[in-house]
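Chain by chain, the residues run as shown.
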Amino acid sequence: MPASSSGHRVVLDRVPERYLETALPKAGGRVVILTSSSGRDYLHSKGTLLERGKGRGVVQLHSNKSILTLSLDDLAEWVGPVDEEE
């Protein structure tokens, strides 16, 4: 959350999508799946990014240790608690 000049946190509402950017961790970092386009419903599942390159990322899910290869567009860095699952 951004901080105001007074040091208080500010929640921004209705920010146009063109001003947003998805952050991705390096290999070994934690990710969350943003879409369910992978064929099965993994929406909001968390995992570890094992590899990334050429627009694809290999993720190991925390919930069941499955390995998925997904578009990097379907992933974002996860900074929440490790044990917070679906």
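Residues numbered from 1 in each chain as written. Predicted model: local features only at pLDDT ≥ 70, side-chain atom pairs only at ≥ 80, totals over all residues. Heavy atoms only, no water.

(A) Local environment of the overall build of the protein chain. If you tally the helices and strands in the protein chain, you get zero helices and five strands. In the protein chain, the order of α-helices and β-strands from amino to carboxyl end is β-β-β-β-β. Taking all 86 residues of the protein chain together, the buried fraction comes to 27%. In the protein chain, the proportion of contacts linking residues at least 24 apart, taken out of those at least 6 apart, comes to 39%. Total accessible area on the protein chain stands at roughly 6,300 Å², and carbon and sulfur atoms take up 50% of it. (Helix = DSSP H or I, 4+ residues; strand = E, 2+ residues; numbered from the N terminus. Buried < 20%, exposed > 50% of the residue type's maximum accessible area, 1.4 Å probe, protein only. Contact = heavy atoms within 4.5 Å. Areas by Shrake-Rupley, 256 points an atom, 1.4 Å probe, with all protein chains shown as cover.)

(B) Layout of unusual backbone geometry. At Arg 14, a position not held by glycine, the phi torsion is positive, near 55°. In this fold, Arg 14 is placed in the segment before strand E1 (30–33). The exposure class assigned to Arg 14 is exposed, which follows from its relative accessible area of 79%. Even without a glycine there, the phi angle at Lys 54 is positive, about 50°.

(C) Quick peek at the pairing of strand E2 (residues 46–53). Strand direction decides the pairing type here: E1 and E2, joined by three bridges, are antiparallel. Bridging across to E2, Val 32 finds its partner in Lys 46. Note: E2 against strand E3 (residues 56–61), six bridges, orientation antiparallel. Bridging across to E3, Leu 49 finds its partner in Val 59. Connecting E2 to the antiparallel partner E3 that follows it, the hairpin turn spans two residues, and Lys 54 within it adopts a positive phi of roughly 50°. (Pairing = 2+ DSSP bridges.)

(D) Main features of the environment of Ser 66. For Ser 66, the location among the structural elements is in the loop between E3 and strand E4 (67–71). Residues Ser 66 and Gly 47 lie 19 residues apart in sequence; the distance between their C-alpha atoms is 9.2 Å. Setting aside chain neighbours within four positions, we find Ser 66 in contact with Val 59, Gln 60 and Leu 61. Of the polar contacts made by the side chain of Ser 66, one reaches the side chain of Asn 64; its length is 2.9 Å. (Polar contact = N/O pair within 3.5 Å; in protein donor to acceptor, adjacent residues only side chain to side chain.)

(E) Expanded view of the nonpolar core. By size, the foremost hydrophobic cluster in this structure holds 10 residues: Val 31, Ile 33, Tyr 42, Leu 49, Val 59, Leu 61, Leu 68, Leu 70, Leu 72 and Leu 75. Contributing elements (two or more residues each) for this core: E1, E3 and E4. Those residues in contact with Leu 49 that lie beyond four places of it in its chain are Pro 25, Lys 26, Ala 27, Gly 28, Gly 29, Val 31, Gly 57, Val 58, Val 59 and Leu 75. (Core = buried A, V, L, I, M, F, W, Y, C linked by side-chain atoms within 4.5 Å.)

(F) Spotlight on the packing of aromatic side chains. Using the criterion set out here, one finds zero aromatic pairs in the structure. Sitting over the face of the ring of Trp 78, Lys 46 holds its NZ or CZ atom 4.6 Å from the ring centroid. (Phe/Tyr/Trp six-rings, centres within 6.5 Å; stacked < 30°, edge-to-face > 60°. Lys NZ or Arg CZ within 6 Å of the ring centre and 35° of its normal.)

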